Amino acid sequence: MRKLDEEAEAERAKADLAELDRLRRYLIFGTQARLSGDREKLTKAIDDYVEEMMGDRTTLHAKNHSCG
């Protein structure tokens, strides 16, 4: 039973991260979001919350990929 609870919590956290990632990407790349002066504050707040959840504020940050 405890394992099921842990698995359910892990799935909820994964779903939360997916939604936060979607919102963060909208704030960074969305046309309407660029017009908002609070874009940077909101992005920072998302990163702060992810850091609380996961212990790493860069979890949602795009990773650099090298070509070639």
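Refer to the structure printed above.
Residues numbered from 1 in each chain as written. Predicted model: local features only at pLDDT ≥ 70, side-chain atom pairs only at ≥ 80, totals over all residues. Heavy atoms only, no water.

Trainee: Please explain the overall build of the protein chain as it appears in this structure.
Mentor: Within the protein chain one finds three helices and zero strands. By the burial criterion, 18% of the 68 residues in the protein chain qualify as buried. Look at the contacts in the protein chain between residues 6 or more apart in sequence, and 38% of them connect residues 24 or more apart. When the accessible surface of the protein chain is summed, it comes to about 5,700 Å², and 54% of that surface belongs to carbon and sulfur atoms. (Helix = DSSP H or I, 4+ residues; strand = E, 2+ residues; numbered from the N terminus. Buried < 20%, exposed > 50% of the residue type's maximum accessible area, 1.4 Å probe, protein only. Contact = heavy atoms within 4.5 Å. Areas by Shrake-Rupley, 256 points an atom, 1.4 Å probe, with all protein chains shown as cover.)

Trainee: Is there a simple way to explain the nonpolar core in this structure?
Mentor: Across soluble globular proteins, you tend to see nonpolar side chains buried next to one another. Counting six residues, the largest nonpolar core consists of Leu17, Leu20, Leu27, Ile46, Val50 and Leu60. At the level of elements, α1 (2-29) and α3 (39-54) are the ones that each hand at least two residues to this core. Here this core gets three residues from one element, more than from any other, and that element is α1. Apart from residues no more than four positions distant in its own chain, leucine 17 is found in contact with Val50, Met53, Met54 and Leu60. (Core = buried A, V, L, I, M, F, W, Y, C linked by side-chain atoms within 4.5 Å.)

Trainee: Where do I start with the pattern of salt bridges in this structure?
Mentor: Where side chains of opposite charge bring their charged atoms close, a pairing between them can arise. One pass over the structure, following the stated rule, counts nine salt bridges. Residue arginine 25 is joined to aspartate 21 by a salt bridge in which the shortest nitrogen-to-oxygen separation is 3.1 Å. In this pair, arginine 25 and aspartate 21 both sit in helix α1, four residues apart, roughly one turn of the helix. A salt bridge links arginine 57 to glutamate 51; the nearest nitrogen and oxygen atoms lie 2.9 Å apart. With relative accessibility at 26%, the residue arginine 57 sits in the partly exposed group. By relative accessible area, glutamate 51 is classed as partly exposed at 36%. (Salt bridge = Lys/Arg side-chain N within 4 Å of Asp/Glu carboxyl O.)

Trainee: Just to check I follow, could you spell out α3 for this structure?
Mentor: At 3.6 residues per turn, the α-helix brings residues three or four places apart onto the same side. For α3, with 16 residues, the first-to-last C-alpha span of 22 Å sits near the 22 Å given by 1.5 Å per residue. Along its buried surface, α3 packs onto α1. After α3 finishes, the residue glycine 55 shows a positive phi value of roughly 85 degrees. (Expected span 1.5 Å × (residues − 1).)

Shape is all these values report; function is a separate question.
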